[in-house]
Amino acid sequence: MDWSWKRIPAEFLVTNVRLCTQGKLGKRKGFLHVRKGRIEGLGVGSPTMEGLPVLDGAGLVCAPGFVDLHVHFREPGQEEKETVATGSLAAAAGGFTSVVTMPNTSPAIDNSGMVRYLIDRGRDAGLCRIFPTGAISPGRQGEAMCEFGDMVAAGAVGFTDDGSPVPNGNLMANALKYAGMLGVPIISHAEDLTIVGNGVMHAGYWSARLGLAGMARASEDSSTFRDIELARASGGHLHVAHVSTRGAVEIIRRAKSEGVHVTAEATPHHFSLDHSRCREYSPLFKMNPPLRESEDVNAVAEGLADGTLDCIATDHAPHTATEKEYQFDQAPFGVTGLETALGVGITYLVNSGVMDLGRLVELMTEKPARALNLPVGRLEEGAEADFVLFDPEKEWVVRAEGFKSRSRNSSYLGEKLSGKVAATFMRGRLTWLDPELAPRGED
Amino acid sequence: MILKSKDVLGLEEMSAEEILGVLEIAARFRAVFDRPVRSVPIMRGRTVVNFFHEPSTRTRISFELAEKRLSADIVNFSTATSSFKKGETLRDTAENLAAMKIDMLIIRHSSAGAAAYLAGVLECSVINAGDGAHEHPTQGLLDIMTMRQRLGDLRGKKVTIIGDIAHSRVARSNIWGLTKLGAEVTLCGPPTMVPGALEKLGVKVEHDLKRAVARADVLNVLRIQLERHASKSFPSNREYHRMYGITEEIVRGLKPEAFILHPGPMNRDVEIASEVADGPRQVILDQVANGVAVRMALIYLLSGGDPGALGGGQAA
Ligand SMILES: [Zn+2]
């Protein structure tokens, strides 16, 4: 039966694709059999199943839908930057089928009602699974603990005051113990505000040259160290967000070898760009943690390759065009990432020889899912059919007009990347189709 | 064409030839100061906007004087007298300025990079009058002019800059300009104020004041911003003065011809002892006069002024 994009059937075959799951990119062409939102079967070759619609994916890789452990969808409170609906579309366009939202909205996600609200908003949009995290402290004030138990029951997958550190070490220690009892992680935004002061970029040669206040590595290193020692003492699970320094990578590597329950993520911008990008004072290179030095960039990439860092997470942080028109020191921290993650990963990690494509995909699917115990991220029989079809060799130039996110504050504007998503499916339903890369069939 | 760009954003962007070209024109304007009629009406009918997004008295007055002597029409905006606050983005500011069809913008802004941003979006010429801790090119040029008046060619000459280099736009402009002209630059101050990373720009970092000034031909003593530091970068004014203040004792250890610059306004008995501030080694009033001349030269050149039309003056 001919394939039509207009109506995705309940049961169909995807053929002629290279399957990429569990860290391996298949050498031979294979197929995926989808039935009623689940994976009915998969394997090499092309099965003959009379009468089933066939989506011919020649030239494409078929991987589990990507999983992002760190996005800011800004809802409620800052809908001019992003909403759950626009963020979900951006996620789908980037090949993501699951995202973990950060709770630093306005008001913060600090009670079970807010957690349910976000899950509902995600369901309404229907383009991406939303796994909310909750705040550690009410209002992210860093003073007391939120009702973790109630929020986990409502669907929270972890707790963090992301955007800010938890300066009170005793609160952090208790949060790790208490969340540990509930089987969910505490996500650390490792920063020492007394060290960074009014810093706006990495403290080093470029901040000295540009006359911009610096944010020293020691802020991130010492906070990462503190949180790891608290995790060691409590036995709780610490997940370190957006690791950006060589020192933090080394601290995490040692802690893991000593059996501390720690997982960690790194962003595409921290494994691809260094602080020299700030030379034109463009706020599109202003984020927290900041772009660091080439030795840090390499350490983050190596940490991802050798498993010290468990996964890639985008820290997708949309801001309006107006906010990014302030001068560098006045503009807010943060850049978008969902729609460029695959391209940046292939361009900077695979094409540069740091890792193969199978490993990159693993870092965007199975590994993040496992780090936070999310029931997604694998292509296997019986699993829900969250998958992405992408062309790893497609070259494209990042353009502001192309973004589905409500915001366009990307560090990669104008840059040529390799690797683009052709189509994304969640529970067997199409959530994104790139008209240019769409496999043949009538649209 | 002495200046290749329509703007003057920093000495980083200027070549040695451009710097020397500007200083030569500035020297001719200095010669004009001694005549009874001190104006050169090249800017008649043209509008210059002085947009000061940060308090400044000396630099603004110096620019205004330069503009008046070139017969420009002048509009002054400052944060105190207009709505330009953080609420408005610089792009809005730029669009307003563009709509006013001005001929030149002089911009002082608390954010590093602000002048370059405006230069990129405006068709008119932009002169950076200081952007955050980044650059203050007219100050750099007037400092270099003052040094060259006494030392001639700066190649191999030793210049020591003392103070809070990390937060100083004056220091950065001096570093770029002086190194391009072949001077040997030493930065001096406590490590809290002198980032070692700046050595990559081809300068020396020395934390001991006596050693830093022993062989210097000229000292450029920066103003310590008392309000900024309040017990973070140095323990007290008293201790700063004891360790980095230019005292009579320090002056006695200098080479006999060595002289002292200060961008003003001075904190007497903090970075410089009163006796030294009033003594024979300082050249502060020359700096002030050269400041007007340098600004006239830049405005003149950016407005398409013909260097040949100015008559001779002593070389700077
Ligand atoms: Zn964070």
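None of these values were measured; they are calculated from a predicted model.

1. Overview of the coordination of the zinc ion
All names here are of chain A. Within the protein, the atoms that donate to the zinc ion are D162 (OD), H189 (ND1) and H242 (NE2), at distances of 1.9 to 2.2 Å. Sequence spacing of the donors to the zinc ion: D-x26-H-x52-H. Taken together, the residues D162 in the loop between α3 (148-154) and α4 (169-182) and H242 in the loop between β13 (238-240) and α8 (246-257) connect sequence positions 80 residues apart.

2. Let's talk about the confidence of the model for chain B
Chain-level statistics for chain B give a pLDDT mean of 91 and a share of 93% at 70 or above. Quick note on the complex model: pTM equals 0.93, ipTM equals 0.90.

3. Section: the interface of chain A and chain B
Between chain A and chain B, the residue contacts involve 14 residues of the former and 23 residues of the latter. Counting the surface lost from both chain A and chain B, the interface buries some 1600 Å², and carbon and sulfur atoms represent 56% of this. On the chain A side of the interface with chain B, the three residues burying the most area are Y205(A), R209(A) and Q327(A), jointly 37% of the side's total. Joining chain A to chain B, the criterion identifies two salt bridges. Taken together, chain A and chain B are joined by seven residue pairs in polar contact (both at pLDDT 80 or more). Considering only residue class, the side of chain A that touches chain B consists of six nonpolar, five polar and three charged.

4. With respect to the sheet that holds strand β8 (residues 96-101) of chain A
Residues and elements named next belong to chain A. A sheet is described by the order of its strands in space; here three strands give the open sequence β7-β8-β9, paired in parallel fashion. The open sheet terminates on both sides in strands that have one partner only, identified here as β7 (66-71) and β9 (129-132). If you compare each strand with its neighbour and ignore which way they point, the axes differ by 20° on average. One ladder, built from four bridges, connects β7 with β8; its direction is parallel. Paired with D68 across the two strands is V99, which belongs to β8.

5. Looking at the environment of P307(B)
Residues and elements named next belong to chain B. Within the element layout of this structure, P307 appears in the segment after α12 (284-302). It is 9.2 Å that separates the C-alpha atoms of P307 and A297, two residues lying ten residues apart in sequence. Once residues within four sequence positions are removed from consideration, P307 is found in contact with I2, I25, R28, Y300 and L301.

6. With respect to the layout of surface pockets
The computed volume of the second largest pocket comes to approximately 620 Å³. Lining the second largest pocket are 30 residues, with E280(A), Y281(A), S282(A), P283(A) and Y117(B) sitting closest to its centre. With three residues, helix α6 (residues 205-210) of chain A is the single largest residue contributor to the lining of the second largest pocket. For the lining of the second largest pocket, the per-class residue count stands at twelve nonpolar, eight polar and ten charged.

Rules behind the numbers
Here the residue numbers are simple positions, counted from 1 along each chain's written sequence. As they are written, the chains are lettered A onward and the ligands numbered 1 onward, keeping that order. Note on the predicted model: pLDDT of at least 70 is required for a residue's local features to be given, and 80 or more for side-chain atom pairs to be given and counted; whole-chain, interface and lining totals, by contrast, use all residues. Hydrogens and water are ignored here; the side-chain numbers use all heavy atoms of the structure. Only nitrogen, oxygen and sulfur atoms qualify as donors, provided they sit within 2.8 Å of the metal or within 3.2 Å for Na, K and Ca; with water excluded from the atoms, sites may seem incomplete. Every helix listed is a DSSP run of H or I at least four residues long, and every strand listed is a run of E at least two residues long, numbered separately from the N terminus. The predictor attaches a confidence to each residue, called pLDDT, with possible values from 0 through 100. The contact criterion used is simple: two residues touch if any of their non-hydrogen atoms lie within 4.5 Å. A simple way to read buried area is as the amount of 1.4 Å-probe accessible surface that goes missing from two parts once joined, with both sides added. A pairing counts as a salt bridge when a side-chain nitrogen of Lys or Arg comes within 4 Å of a carboxyl oxygen of Asp or Glu. Polar contacts here mean pairs of N or O atoms no more than 3.5 Å apart (in protein, one a potential hydrogen donor and the other a potential acceptor; neighbouring residues in sequence count only if both atoms are side-chain atoms). Ten residue types, Ala, Val, Leu, Ile, Met, Phe, Trp, Tyr, Cys and Pro, are classed as nonpolar, four, Asp, Glu, Lys and Arg, as charged, and the remainder, Gly among them, as polar. Any two strands between which DSSP finds at least two bridges are classified as paired. To get an axis, a line is fitted to the C-alpha atoms, and for a helix only the part in contact is used. The angle between two axes follows their N-to-C directions and goes from 0 to 180 degrees. Every definition here rests on a 1 Å grid over the protein atoms only: cavities are sets of points where a 1.4 Å probe fits but cannot get out, pockets are open sets enclosed by protein on both sides within 12 Å along at least five of seven lines, and lining residues have some atom within 4 Å of a point. Grid points are joined across faces, edges and corners, and a volume is the space filled by probe spheres set on the points.

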